[in-house]
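Here is what each chain is made of, one letter per residue.
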Amino acid sequence: YREDILYYIAMSSYKYAYLSVPAKQKERYLTFMDDYYNFIGELPESHYRKELDNVYRKAQRALGRDVAVDEEKEMSERDFAKERRKLLREARKSKK
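These numbers come from a predicted model, not from an experiment.

Cut-offs applied
- Residues numbered from 1 in each chain as written.
- Predicted model: local features only at pLDDT ≥ 70, side-chain atom pairs only at ≥ 80, totals over all residues.
- Heavy atoms only, no water.
- Core = buried A, V, L, I, M, F, W, Y, C linked by side-chain atoms within 4.5 Å.
- Buried < 20%, exposed > 50% of the residue type's maximum accessible area, 1.4 Å probe, protein only.
- Helix = DSSP H or I, 4+ residues; strand = E, 2+ residues; numbered from the N terminus.
- Contact = heavy atoms within 4.5 Å.
- Salt bridge = Lys/Arg side-chain N within 4 Å of Asp/Glu carboxyl O.

1. Considerations on the nonpolar core
In a soluble, globular protein the nonpolar side chains are often hidden away together inside.
Phase 1: In terms of nonpolar packing, the biggest core is built from 17 residues, with Y7, Y14, F32, Y36, F39, L52 and A59 touching the most fellow members.
Phase 2: Counting residues per element, the ones that place at least two in this core are α1 (2-18), α2 (22-42) and α3 (49-62).
Phase 3: Beyond its immediate stretch of four places on either side in the chain, Y7 contacts F39, Y48, E51 and L52.

2. So, the pattern of salt bridges
Phase 1: Following the criterion strictly, the structure yields two salt bridges and no others.
Phase 2: With a shortest N-O distance of 2.8 Å, R2 and E42 are connected by a salt bridge. Remark: E42 occurs in helix α2 and R2 occurs in helix α1; sequence separation between them is 40 residues.
Phase 3: The closest approach of N and O atoms between R49 and D53, which form a salt bridge, is 3.0 Å. Taken as a pair, R49 and D53 lie in helix α3 at a separation of four residues, close to a single helical turn.
Phase 4: Given the relative accessible area of 17%, D53 is considered buried.

Below is the structure:
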């Protein structure tokens, strides 16, 4: 039941922030982000993860943060890691 409870806590804090008056939204979106990180910290493989990731992006946009830059940076780090593994494999093969 813990998974469901953490999911509902995160979703309710997002809805609370979304429906709040503009003066209170920033604080409440930050509360949602705490709940989101708590959820993914405990249950990174949850079937709720995809939905919460989408809501997280919406909260980031509401706070004026550029989500696309973060995703691009993450993708470039993945590409770098993939290229590094490829080069290491080639170096091992050439030593044999």
